[in-house]
There are 2 protein chains.
Amino acid sequence: MSQPDVPLIGAGTATRRAKRESLSSAAARKVERPAPLRQAVYEALLDLIVNRTLKPGQHLVEIDLAEHLGVSRQPVREALQRLQTEGWVDLRPAQGAFVHTPTDEEADQLLSVRNVLETYSARLAAEHATPEDVEQLEELQNEGVSALKAKDVERVVAANAALHAFITRLSGNTVLAEMIATVDRRVRWYYAPLALTRGKDAWTEHADLIAAIAKGDAELAATLMGRHTERTRSAYHEHREASQSK
Amino acid sequence: MSQPDVPLIGAGTATRRAKRESLSSAAARKVERPAPLRQAVYEALLDLIVNRTLKPGQHLVEIDLAEHLGVSRQPVREALQRLQTEGWVDLRPAQGAFVHTPTDEEADQLLSVRNVLETYSARLAAEHATPEDVEQLEELQNEGVSALKAKDVERVVAANAALHAFITRLSGNTVLAEMIATVDRRVRWYYAPLALTRGKDAWTEHADLIAAIAKGDAELAATLMGRHTERTRSAYHEHREASQSK
DNA sequence: AGCTTGGTTTTTGCATACGAAAGTCTGTAT
DNA sequence: ATACAGACTTTCGTATGCAAAAACCAAGCT
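Structure report, in brief. Residue positions within a chain follow its written sequence, with the count starting from 1. Think of it this way: whatever chain is written first is A, whatever ligand is written first is 1, and the rest follow in order. In view of the model being predicted, local features appear only for residues whose pLDDT reaches at least 70, and side-chain atom pairs are presented and counted only at 80 or more, with totals across whole chains, interfaces and linings using the full set of residues. The side-chain quantities take in all heavy atoms of the structure and omit both hydrogens and water.

### Brief notes about the packing of aromatic side chains
Any Phe, Tyr or Trp ring, taking Trp's six-membered ring, that has another such ring centre within 6.5 Å forms a pair; planes under 30 degrees apart are called stacked, those over 60 apart edge-to-face, and the others tilted. Evaluated as defined, the whole model comprises six aromatic pairs over all chains. Ring geometry for A:Trp189 against A:Tyr190: centres 5.4 Å apart, planes inclined by 70°, an arrangement best described as edge-to-face. Look at A:Trp189 and you get buried, because its relative accessible area is 1%. Judged by relative accessible area, A:Tyr190 falls into the buried class, the value being 8%. Within the aromatic cluster, the residues linked to one another by ring pairs are A:Trp88, A:Trp189 and A:Tyr190. Any Lys NZ or Arg CZ that is within 6 Å of a ring centre and within 35 degrees of that ring's normal is treated as a charge sitting over the ring. Over the aromatic face of A:Tyr42 sits the side chain of A:Arg82, whose NZ or CZ is 3.6 Å from the ring centroid. The ring of B:Phe98 has B:Arg92 sitting right over it, with the charged end atom 3.8 Å from the ring centre. Note on classification: 1.4 Å probe, protein chains only; a residue is buried when its accessible area is under 20% of the maximum for its type, exposed when over 50%, partly exposed between these limits.

### Comments concerning the interface of chain A and chain B
Contacts: residue pairs with any heavy atoms within 4.5 Å of one another. With 26 residues of chain A at the contact, the number on the chain B side is 26 residues. Between chain A and chain B, roughly 2,400 Å² of surface is buried when both sides are summed, and carbon and sulfur atoms account for 63% of that area. Summed over both partners, the accessible area lost on bringing two parts together, with a 1.4 Å probe, is the buried area. For chain A, the biggest contributors to the area lost against chain B are A:Glu78, A:Gln109 and A:Val175; these three give 21% of the whole. For salt bridges, the criterion is a side-chain nitrogen of Lys or Arg within 4 Å of an Asp or Glu carboxyl oxygen. Linking chain A with chain B are two salt bridges. Between B:Arg77 and A:Glu78 there is a salt bridge; the shortest N-O distance is 3.0 Å. Between N or O atoms, a polar contact is any pair within 3.5 Å; within protein, one atom must be a potential hydrogen donor and the other a potential acceptor, and residues adjacent in sequence are included only when both atoms are from side chains. At the junction of chain A and chain B, the tally comes to 15 residue pairs in polar contact (both at pLDDT 80 or more). Of all elements in the fold, only α5 (73-85), α6 (104-128) and α9 (174-191) of chain A reach the threshold of two or more residues within the side of chain A that touches chain B. Every helix listed is a DSSP run of H or I at least four residues long, and every strand listed is a run of E at least two residues long, numbered separately from the N terminus.

### Overview of unusual backbone geometry
Residues and elements named next belong to chain A. Although it is not a glycine, Ala 94 adopts a positive phi angle of roughly 65°. Positionally, Ala 94 belongs in the loop between β2 (89-92) and β3 (96-99). The exposure class assigned to Ala 94 is exposed, which follows from its relative accessible area of 85%.

### Points about the protein's contact with DNA strand D
Proximity is defined per residue: if any heavy atom of the residue lies within 4 Å of a molecule or strand, that residue is considered near it. Residues in contact with DNA strand D amount to 26 residues; listed here are only the nearest, A:Arg73, A:Ala94, B:Leu37, B:Ser72 and B:Gln95. Restricting the count to atoms of DNA strand D within 4 Å of the protein gives a sugar and phosphate share of 72%. B:Ser72 is positioned such that a nitrogen or oxygen atom in its side chain is 2.6 Å from a phosphate oxygen of DNA strand D. Between DNA strand D and B:Gln95 there is a distance of 2.8 Å, counted from a phosphate oxygen to a side-chain nitrogen or oxygen. Those elements that provide at least two residues to the surface near DNA strand D are β1 (59-60) and α5 of chain A together with α3 (37-51) and α5 (73-85) of chain B. In the surface near DNA strand D, the residues fall into 10 nonpolar, eight polar and eight charged. Residue polarity follows a fixed list, in which Ala, Val, Leu, Ile, Met, Phe, Trp, Tyr, Cys and Pro are nonpolar, Asp, Glu, Lys and Arg are charged, and the others, Gly among them, are polar.

### Section: the sheet that holds strand β1 (residues 59-60) of chain B
All names here are of chain B. Two strands pair if DSSP finds at least two bridges between them. Reading across from one edge, β1-β3-β2 is the order of the three strands in this open sheet, with antiparallel pairing throughout. On the outer flanks of this sheet lie β1 and β2 (89-92), each paired with one strand and no other. Two elements, β2 and strand β3 (residues 96-99), share four bridges in a ladder whose sense is antiparallel. Bridging from a neighbouring strand, Arg 92 pairs with Gly 96 of β3.

### A closer look at the relation of the copies chain A and chain B
Put simply, the second copy of the chain is the first one after a rotation about an axis and a shift along it. All copies are superposed by least squares; the fitting set is the C-alpha atoms of residues with a pLDDT of at least 70 in both. In screw terms, the move from chain A to chain B is a rotation of 180° and a rise of 0.1 Å along the axis, fitting with an RMSD of 0.1 Å. Between the two chains, the operation in question is that of a two-fold axis. Interface residue correspondence from chain A to chain B reaches 100%, placing this contact among same-surface, isologous pairings.

### So, the nonpolar core
Counting 84 residues, the largest nonpolar core has A:Leu45 and B:Leu45 as its most contacted members. Setting aside anything within four residues of it in sequence, one finds B:Leu45 in contact with B:Leu54, B:Leu65, B:Leu69, B:Ala79, B:Leu80 and B:Leu83. In plain words, nonpolar cores are sets of buried Ala, Val, Leu, Ile, Met, Phe, Trp, Tyr and Cys residues tied together by side-chain atoms within 4.5 Å.

### Considering the packing of helix α10 (residues 200-215) of chain A against helix α11 (residues 218-245) of chain A
All names here are of chain A. Between α10 and α11, whose axes approach to 8 Å, the crossing angle comes to 165°. Classified by the interaxial angle, the pair formed by α10 and α11 is roughly antiparallel. Here α10 runs over α11; the crossing is left-handed. From α10, Ala 202, Glu 205, His 206, Asp 208, Leu 209, Ala 212, Ile 213 and Lys 215 reach across to α11, where they touch Leu 220, Ala 221, Leu 224, Met 225, His 228 and Arg 231. Of the residues in the contact of α10 with α11, the class split is eight nonpolar, two polar and four charged. An axis is simply a line fitted to the C-alpha atoms; with a helix, the fit covers only the stretch in contact. Between two such axes, the angle follows the N-to-C directions and lies from 0 to 180 degrees. Should an angle fall under 35 degrees it is called roughly parallel, over 145 degrees roughly antiparallel, and 65 to 115 degrees roughly perpendicular, with every other angle called oblique. Note on convention: the crossing is left-handed when the near helix lies turned anticlockwise from the far helix by less than a right angle, right-handed when the turn is clockwise.

### So, the sheet that holds β3(A)
Spatial ordering of the open sheet is given by β1-β3-β2 (chain A), a layout of three strands whose pairing is antiparallel. Each end of this open sheet is capped by a strand with a single partner; those strands are β1 and β2 of chain A.

### Overview of the protein's contact with DNA strand C
Residues in close proximity to DNA strand C total 25 residues, the closest being A:Leu37, A:Ser72, A:Gln74, B:Arg73 and B:Ala94. Looking at DNA strand C alone, sugar and phosphate atoms form 70% of those within 4 Å of the protein. Contact distances for DNA strand C include 2.6 Å between a phosphate oxygen and a side-chain N or O atom of A:Ser72. Elements that contribute at least two residues to the surface near DNA strand C include exactly α3 (37-51) and α5 of chain A together with β1 and α5 of chain B.

### Description of the pattern of salt bridges
Residue and element names in this part refer to chain A. In total, this model carries 30 salt bridges over all chains according to the counting rule given. Notably, a salt bridge pairs Glu 143 with Arg 155, separated by 3.0 Å at the nearest N-O pair. In this pair, Glu 143 sits in helix α7 (residues 131-149) while Arg 155 sits in helix α8 (residues 153-170), placing the two residues 12 residues apart along the sequence. Given the relative accessible area of 31%, Glu 143 is considered partly exposed.

### A few points about the packing of helix α8 (residues 153-170) of chain B against helix α10 (residues 200-215) of chain B
Residues and elements named next belong to chain B. Relative orientation of the contacting elements α8 and α10 amounts to 25°, with a least axis distance of 13 Å. Classified by the angle between their axes, α8 and α10 sit roughly parallel to one another. As for the relative orientation of α8 and α10, their crossing is left-handed in sense. Along the contact surface, α8 presents Val 156, Ala 159, Asn 160, Leu 163, His 164 and Ile 167, while α10 presents Trp 203, His 206, Leu 209, Ile 210 and Ile 213. The residue makeup of the contact of α8 with α10, split by class, is eight nonpolar, three polar and no charged.

Here it is as C-alpha cells:
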C-alpha cells in the first residue's frame, strides 16, 4: 500500500458502496442524466494533478486511486488512459501510471506551439468578429483592467484566460480552439509554480489587439498577438531563470 | 449480434483462446517483451477506420470488435477511449462508439491548423538544419521526383509524407512534431476519398523550400511552406467541389 | 394511420476475479 | 560486508460477471 490511510481527496469515507456520493460533488454538477463515472474520475484526477496534490513523477497505483475515489479500478484505468493521451501522466507498460514530469524544454515547446496557434486564432478572429463580439471583448478587457487596479490576482488571471478563450472562439475554428485549450491547460500547469502574472503591459497589448480585431485588420491582429504571446514567453523565461538562480 | 459471422479483420478463426495468435501479426512485430494488448487493439482498430473497413457513422459494438479481434471487451474499451480523444470515434454515453463522421467544415479546419503548424515547423527547421540534414532532405526530394517520373503514386505519396515528416522532426520541437503527425493522419483520412495527389508543382515548391532551409533563411522557409500548404489546400477544395458536382 | 406503452433484447458501464510481470526482501555464500 | 538467488509481495493487464440504461418491437389506444 503506497498510501494506506491518507485520503487523496476530501471525500472522506470512500468505502466501495459510497461511490454515488463520493463523486457526486464533481460529477453530478454538470450533467443531467447519463454521467459516466469515468468522466468524473478523469476530472477528479486531472484536478489532483493540476493542483499538485499528485506530484510530478509520483507513481499512481490504480487500486489506491480507486479506493480513495470510491470506485473500482476500471474507471480509473480508463481515466488514466485518457490522461496519458493528453500528456498528464506517463503509462509505463506493466508498471502503471506516473504523473508526468514537466521539463523546461517541453514547457518551452508547448509555449511555442500555443503562441503559434493563438497568433493564428487572432488572425481568424479579426476576419470574423462582429461589432457585438468586439463589445464583449471590450467588456472582458475592462474587467481585466479593473481587476488589475484592484490588485486582485485571481481575477486578473481569470479575465486574461477569458479574453484569450473568447478570441479563440471568435476564430470560428473549433478544432483550433480545442487544441489551444488543451495546450493552454498544460502550459499553465507547467508554469504554475512560477506564480507569474504580467502586469499593465499585457493589458495595453490586449487593448491594441482588440482595436486591430475591431478594424478587421487580420494581419495586424496576428502580429500583435504574436508579439504579445512572445513577451509572455520571455517573461516566463526570465522568471524561471530568476527563481532557479535563487 | 450486429454482425454475427462477418469477420471484421482477416484473422479468421478468432475464437476466444486464439488471442495470442490472432493479434500477434500486428502486435509482436514491434515490441520485444511487454506488448500491452490494448496497444495492438488500438492499432488494429485505427487501421480498420483509416481503411474504411469501419465506415463513418457505424456503430461499433464492443463485443463484436472483441470477438473478431480475439480479445475480451476490456482492451477494446480502452482502445476506443483513446480513439475518442484522438477524434477517430465518438463515444456517446450508454450508447457506445461510433466512427466519427468527417464534415467538410471540420476537414478544412484541420487542414488550416496543419498548415499553420507545418509553416512554423519549416521556420524552426531552417534555424536548426545541419548540412547533413539538408543532404537527407535532398535525398527524399530526389526519391519523390523519381517516383513522380515513374508515375508511381504510392511512392510519391510516401516520399511526400516522409519529406514533411523529416522537416517536422528537424524543427526540434517534439511536441509540435507529434501534433502535426496526429493532425496529418486525420487530414489524410478525411481527404482520402478524393484520392488526390499534386504533381510536379508540389515538388518544385519542395525544392525551393529545401533551398531556403539550406540557406538557413527561416523567414523564407516559413513563407514557402505556408504557400505550399495553402496550395495543397486549394487543390483539395477544387477537387472536392469537382467531385461533388458530379 | 399514427402515436403511445409495456415488455423483451441488446449493449453499455462498472465491479470483481485471476494469471503474470515487476519489484522487494531475506538468507546464504563468498 | 557485499553480491547473488530465490521466494514473496505488489501491481498491472485481461477476462468474466452482473446490473442498469438504451434500443427495439409489437400490441393497444386515440
